[in-house]
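# A structural walkthrough
Here is how the chains run, residue by residue.
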Amino acid sequence: MPAGTPSPHPDPSVPDFDRPLVEVDHLTIHFPVGRSRLLGRQQQVVHAVEDVSFSINRGETLGLAGESGSGKTTTGRAILRRIDPKRGTIRFRGRDITQSSGQALRHLRRHMQLVFQDPYASLNPRMNVLDLVAEPLIVHGIYNSTDDAREYVLELLEQCGLSADTADRFPHAFSGGQRQRIGIARAIGLRPEFIVADEPVSALDVSIRAQVVNLLQDLQDELGITYLFIAHDLSVVRHISNRVAIMYAGQIVEIADRDTIYERPLHPYTEALLSSIPVPNPQLQRDRRRIVLSGEIPDTLEPPSGCRFASRCPLVEERCHVEMPSLSPRSETHDAACWVR
């Protein structure tokens, strides 16, 4: 490893307790919309994330799944401190980072990185790959210049399945899968402990997705990285995740280990999502029970007082419209938010 290469070991100055690497407690995020106090009215807010709690253990992958607009990306960006929460607590290595700013936040971001959904939009087209991958290393003071970082950047590219001549080329010269590998090389350069992978394969061809997912798993085994893997493709989530959390309308409705949630789901929304996964066997696909949801999607400007899934739930009861169910344990490794089950 070249001199100056970031150490994969934690910084001893940061608290490190025998507890999950990431802990999120009652996270709530609202976004103001429209003009404030127009004609005497209060400014409206989008209830993007509401009272979300979960933890991620060291070295594991938590898959965060749900339909578009459910709050998955907002949750991931809040953990990285790119969005300020309205309420709740975010802990990293046992330390409260909810209000971190300035130099403390700069130091924190060396240990937490993001892999973006669009591999092209996340790369500056005017910079070659060497400059792109070296930039965070220079910003964080690991190397003084791109030339100093070149040897280490070439190692990173090789680690991500790219040849040495990649370094002097520009993003437009690569395929989507290659660009995502460049983005991953950039993310792991600082040897972070935690990575939020935000829909990292949704913009790629189906034939390339498995390669990128396998690369993420190989890097996890090699470097001990912890992932929050955000996706709406439930087949990919099952392949890479140790545990899976299901989000709907800004709330987590179910969380369990991978096999439990795919084989014995409890929440009606989880059941409907899983029933939409296509099966390659035509006979099995025809015989499967497909749950088609009807009803109105809740308005995040004025969310209902009860369960947010009540307007579409096939098992809805009167209580569901009045009281919001909390995410409560159903077994040692399985939590669900449902009055009926």
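Shown above is the structure to which this text applies.
Definitions and limits used
- Residues numbered from 1 in each chain as written.
- Predicted model: local features only at pLDDT ≥ 70, side-chain atom pairs only at ≥ 80, totals over all residues.
- Heavy atoms only, no water.
- Axes fitted to C-alpha atoms, helices over the stretch in contact; angles between N-to-C directions.
- Helix = DSSP H or I, 4+ residues; strand = E, 2+ residues; numbered from the N terminus.
- Parallel < 35°, antiparallel > 145°, perpendicular 65-115°, else oblique.
- Left-handed = near helix turned anticlockwise from the far one by under 90°.
- Contact = heavy atoms within 4.5 Å.
- Pairing = 2+ DSSP bridges.
- Buried < 20%, exposed > 50% of the residue type's maximum accessible area, 1.4 Å probe, protein only.
- Lys, Arg positive; Asp, Glu negative; His and termini not counted.
- Salt bridge = Lys/Arg side-chain N within 4 Å of Asp/Glu carboxyl O.
- Expected span 1.5 Å × (residues − 1).
- Bend = angle between axes of the 7 residues up to and from the residue.

### Details of the packing of helix α3 (residues 129–139) against helix α5 (residues 176–188)
Contact pair α3 / α5: the axes reach a minimum separation of 7 Å and the direction vectors enclose 30°. Considering the angle they form, α3 stands roughly parallel to α5. Crossing geometry of α3 relative to α5 is assigned as right-handed. The segment α3 lies against α5, with V129, L132, V133, E135 and P136 engaging I182, A185 and R186.

### Things to note about the sheet that holds strand β6 (residues 112–115)
As summarised here, the arrangement of the 8 strands in space is β6-β7-β8-β3-β9-β10-β12-β11, forming an open sheet in which the pairing is mixed. Both edges of this open sheet fall to β6 and β11 (328–331), since each of them pairs with a single strand only. Across this sheet, the average inter-strand angle for adjacent strands is 20°, counted without regard to direction. Of the strands in this sheet, β3 (61–65) and β8 (226–231) are in contact with helix α6 (residues 206–223), which crosses β8 at around 165°.

### Looking at the sheet that holds strand β2 (residues 44–56)
Spatially, 4 strands are ordered β2-β1-β4-β5 in an open sheet, and the strand pairing comes out antiparallel. With one partner strand each, in any of the chains shown, β2 and β5 (95–96) form the two edges of the open sheet. Docked against the sheet, helix α1 (residues 72–79) engages β1 (22–33), β2 and β4 (87–92), running at close to 115° with respect to β1.

### Section: the side chain of R181
Here R181 lies in helix α5. Buried R181, no salt bridge; nearest opposite-charge side chain is D218, N-O distance 7.8 Å. Apart from residues no more than four positions distant in its own chain, R181 is found in contact with C160, G161, L162, Q211 and L215.

### Points about helix α4 (residues 146–159)
Taking 1.5 Å as the rise per residue, α4 with 14 residues should run 20 Å; its terminal C-alpha atoms sit 19 Å apart, in good agreement. Along α4, the helix axis deviates most sharply at Y152, where the bend reaches about 35°. If you check which residues of α4 are buried, you get T146, A149, Y152, V153, L156, L157 and Q159. On its buried face, α4 is in contact with α3, α5 and α6. Looking one or two residues past α4, G161 carries a phi angle of roughly 80°, positive in sign.

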